[in-house]
Amino acid sequence: MSTSNQSNTNSLPFLLTGIPGLEALHVWISIPFCFTYIMTLLGNSMVLLAVRLDKSLHEPMYYFISMLAVIDLIFSTAVVPKMLAVFWLGSREIGFEACFIQMFFIHTFTAVESGVLLAMSFDRYTAICNPLRYTTILTSSRTIQIGLLSLARGVGVMIPLMCLLTGLPYCKTRVIPHSYCEHMAVVELACADPSVSDLYSLTVATLLVGTDSVFITFSYGMILSLIKAVTNPTTFYSCQAEMNELDI
């Protein structure tokens, strides 16, 4: 009977409140979000089209930039349309499965983005510190394999987290004080101990994104050290585009 009750409870939708305390301003707040979303769609689509049509851009660096563009499109599309529906239409309900699917996309592609940024730092490190072997180390096929590996890594570490979260009983209030299914806000609605999922998510964040950040910093630190030693402006500008992507 308890299992049946848990299943019935978990089939109920969640309620998104938008931005708590600013409900009267939701329509105005939605304007910059809508404009930014449109610009994101147009800008990233133009990047993908340019790389697709211009054969001179068929190089690893631009493939990685294209991957970031795809990630940005998926990430923003997973969040913004529902957010605008909450702001404009008052459509606050989000299904139980839809909520965790949204959360899965957010966390998965955050991990994928971290992997792609790491690959980009390795790309620039190889191009600058080992230029004679660059074309043999980073071929087009290998670049695509790195992208697929980043995707597989992101999916692989997030599936167990989603299994842990969806396995929890949610018998408290169904109200999420956000405009999307934010991880910690959803976990707080569980009426069972979420310590296992909390430990797993903290471990993944530390080992995955934390380790990637360390190697990214190390790679660009080595590049800047080499640039300083060589004092060649051309070398500096060759990695400036990807360093700007990292800053963003």
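Above this text you will find the structure in question.
The following refers to the structure shown. Not measured: the values here are computed from a predicted model.

1. Describing the overall build of the protein chain
Secondary structure summary: the protein chain contains nine helices and three strands in total. Going from N to C terminus, the protein chain has its helices and strands arranged as α-β-α-α-β-α-α-α-β-α-α-α. Split into buried and exposed, the 248 residues of the protein chain put 39% on the buried side. Within the protein chain, contacts between residues separated by at least 24 positions form 75% of all contacts whose residues are at least 6 apart in sequence. Carbon together with sulfur atoms contributes 70% to the accessible area of the protein chain, which is approximately 13,500 Å² in total.

2. Some details on the nonpolar core
If you look at the biggest cluster of nonpolar residues, it comprises 30 residues, and the most contacted ones within it are Phe 14, Phe 100, Leu 165, Tyr 170, Ile 176, Cys 181 and Val 186. For this core, the elements supplying multiple residues, two or more each, are β1 (14-16), α3 (60-89), α4 (96-129), α6 (140-166), α7 (183-187) and α8 (195-230). Top element by residues in this core is α4. It accounts for six residues. The contact partners of Val 186, leaving out residues within four places of it in the chain, are Phe 14, Cys 99, Phe 100, Met 103, Tyr 170, Ile 176 and Cys 181. Counting 17 residues, the second largest nonpolar core, distinct from the first, contains Met 61, Phe 64, Ile 65 and Val 116.

3. Section: the environment of Ala 192
By the secondary structure assignment, Ala 192 is in the loop between α7 and α8. Sequence spacing of Ala 192 and Cys 171 is 21 residues, and the spatial spacing of their C-alpha atoms is 9.0 Å. Setting aside residues no more than four positions away along its own chain, Ala 192 makes contact with Leu 168 and Pro 169.

Definitions and cut-offs
Residues numbered from 1 in each chain as written. Predicted model: local features only at pLDDT ≥ 70, side-chain atom pairs only at ≥ 80, totals over all residues. Heavy atoms only, no water. Helix = DSSP H or I, 4+ residues; strand = E, 2+ residues; numbered from the N terminus. Buried < 20%, exposed > 50% of the residue type's maximum accessible area, 1.4 Å probe, protein only. Contact = heavy atoms within 4.5 Å. Areas by Shrake-Rupley, 256 points an atom, 1.4 Å probe, with all protein chains shown as cover. Core = buried A, V, L, I, M, F, W, Y, C linked by side-chain atoms within 4.5 Å.

Any functional reading would require information beyond the geometric quantities listed.
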